[in-house]
Amino acid sequence: MSMFCYQCEMSQKGGCGSTGAVVGTCGKDENLSRLQDIMIFGLKGLSAYREHLNSFKPELTKEIDDVMSETLYFTLTNVNFNFNDHINQLMKIGSAGVKVMSHLSETHTNKFGIPTPVVVPQNKVEGKAILVSGHDLDFFEKLLIATQDKGINVYTHSEMLPAHGYPEFRKYPHLKGNVGKAWFDQAKLMEKFPGTFVVNTNCIVPPKKDCGYLDRLFTYKIVGVEGSTPIVDDNFDALIKRTLECEDANGVDFNETTTLTTGHHYKTVLTLAPQILKALEEGKIKQFFVVAGCDAPGRGGEYYRELTSSLPKDCVIITSSCGKFRFNDIDFGEIEGTGIPRYLDLGQCNDSNGAVEIAKALSGALNTPINDLPVSIVLSWMEQKAVIILLALFSLGVKNIYLGPKPPQFVNEDIFNFLAENFYLTLTTNVKDDLEKLLIA
């Protein structure tokens, strides 16, 4: 296929030796071009978190914006051909990811309170109903305020599930429960959901034009779907009107009615530090497994359900992001004789910094380097937010990460070998073989 290179203004097969994935990679070999692909994906995730933060504390986004601008200059112009400089730029993006997630966590807890564990009804809908998908907690508060005393029930979907853990949101009695699992079941849900549906950030499944629910689909800010209704200037009148026009749900069940547990923010988990340290000393807790990341359609994600359900009873599972929907309906119980839950849901994908904060606290208390702690990390890969989380971990020097169910397409053999050599990155294989390597003897 012939590709036009804007950098050298010539058309030739192969785009001057580049992969053609990023404009401005003319003259760069495949490794540099693919590293720039990773930068762009990292910036996509970083920009999403930056947008969340900007809704609360725009004054905190300057250092994030600087890294984004510099990286765009780095990737979209022929300014650098040095491999190590590309790696350093990726670490800058990762460091910015650490900062934006930390700022977001502080902002959320300062405004909405520190989440505490809560059991959330799952898949049962009643009355006039709105289903909210996305990550934007600022939007969610505005919606709850606008719909109170309107005879409307509000339900969360996917990454909005952790909203139930925040004290300020639990004050609203019309916040009822959660429906569905990860982001990619949106279309199937809306075919059956009797009310309206709002998507407030990325992770949106474009509906078909003849889907039958476009008139009940609402979007927020830059989220857009042709034929849907945008919410402009935080005016919820059209959404409320359309919701009240819908039929009552009358106890409609979506698949299996059950409950889910969320609300284990790292600040709440750290209040259990004395009990956790005692359980470690007594051997009641042997190992922590961070099983997190973005879920993807397909059977490959069942690996994470098999993994978590196969862990010994002396292991604690720490999770975040939407990958947890592969296994968060399992009752993992508690560490025997301690009252410590074996399953800890830190929250949304932007709460992934919580696992690092817990590891840092353990490292200090045990006087042990983070990479020598009894902590194993197994991440699920899907899209840009998974990239910024992985880069954030790399920038902190975290190693020995397992990644699956398959590697990103822009990671070729040379780049993977570099990551394996420098960060001990490993691809998942099957649960039996991986656990033989991951479990501490």
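Residues numbered from 1 in each chain as written. Predicted model: local features only at pLDDT ≥ 70, side-chain atom pairs only at ≥ 80, totals over all residues. Heavy atoms only, no water.

## Description of the sheet that holds strand β16 (residues 426-427)
Rules: What makes two strands pair is DSSP finding at least two bridges between them. Secondary structure elements are taken from DSSP: a helix is a run of H or I of four residues or more, a strand is a run of E of two residues or more, and numbering for both begins at the N terminus.
The strand order β13-β12-β11-β14-β15-β16 describes an open sheet built from six strands, whose pairing is parallel. Strands with a single pairing partner mark the edges of an open sheet, and in this sheet they are β13 (343-345) and β16. Judged from the two bridges that link them, strand β15 (residues 401-404) and β16 form a sheet pairing that is parallel. Note that in β16 the partner of Leu403 across the bridge is Leu427.

## Overview of unusual backbone geometry
Omega for the peptide link from Gly404 to Pro405 comes to -5°, which places this bond in the cis form. Tracing the backbone through its elements, the reader meets Pro405 in the loop between β15 and α13 (413-423). Phi is positive for Lys221, close to 55°, though the residue is something other than glycine. Note on placement: Lys221 falls in the loop between β8 (217-220) and β9 (229-231). Positive phi values are uncommon outside glycine, yet Asn400 reaches one of about 65°. Structurally, the position occupied by Asn400 is in the loop between α12 (384-395) and β15.

## Digging into the packing of aromatic side chains
Filter applied, for reference: Between the rings of Phe, Tyr and Trp (Trp by its six-membered ring), a pair exists once the centres lie within 6.5 Å; its type follows the angle of the planes, with under 30 degrees stacked, over 60 edge-to-face, and the other angles tilted. Residue exposure (1.4 Å probe, protein chains only): buried if accessible area is under 20% of the type maximum, exposed if over 50%, otherwise partly exposed. A ring is scored as having a charge over it whenever the NZ atom of a lysine or the CZ atom of an arginine sits within 6 Å of its centre and within 35 degrees of its normal.
Within the structure shown, the criterion is met by 13 aromatic pairs. Seen from their ring centres, Phe139 and Phe236 are 5.7 Å apart, and the 50° between their planes marks the pair as tilted. Placement of Phe139 in helix α4 (residues 137-147) and of Phe236 in the loop between β9 and α7 (237-245) is noted, with a sequence separation of 97 residues between them. Judged on exposure class, the residue Phe139 and its partner Phe236 are both buried. An aromatic cluster of three or more residues is present, and its members are Phe56, Phe112, Phe140, Tyr166 and Phe169. Between the NZ or CZ atom of Lys44 and the centre of the ring of Phe41, over which it lies, the distance is 4.7 Å.

## Some thoughts on the packing of helix α3 (residues 83-112) against α4
Applied cut-off: Each axis is a line fitted through C-alpha atoms, taken for helices only over the stretch in contact, and angles between the N-to-C directions span 0 to 180 degrees. By the definition adopted for this analysis, an angle is roughly parallel if under 35 degrees, roughly antiparallel if over 145, roughly perpendicular if from 65 to 115, and oblique otherwise. Should the near helix be turned anticlockwise from the far one by less than a right angle, the crossing is left-handed, and should it be turned clockwise, the crossing is right-handed. Contacts are assigned to residue pairs with any non-hydrogen atoms lying within 4.5 Å of each other. Think of it as three bins: nonpolar holds Ala, Val, Leu, Ile, Met, Phe, Trp, Tyr, Cys and Pro, charged holds Asp, Glu, Lys and Arg, and polar takes everything else, Gly as well.
It is the contact of α3 with α4, at a shortest axis distance of 11 Å, that shows an interaxial angle of 20°. Relative to α4, α3 is oriented roughly parallel. Between α3 and α4 lies a crossing whose hand is right-handed. Along the contact surface, α3 presents His108, Lys111 and Phe112, while α4 presents Leu137, Asp138 and Glu141. Here the residues of the contact of α3 with α4 sort into two nonpolar, one polar and three charged.

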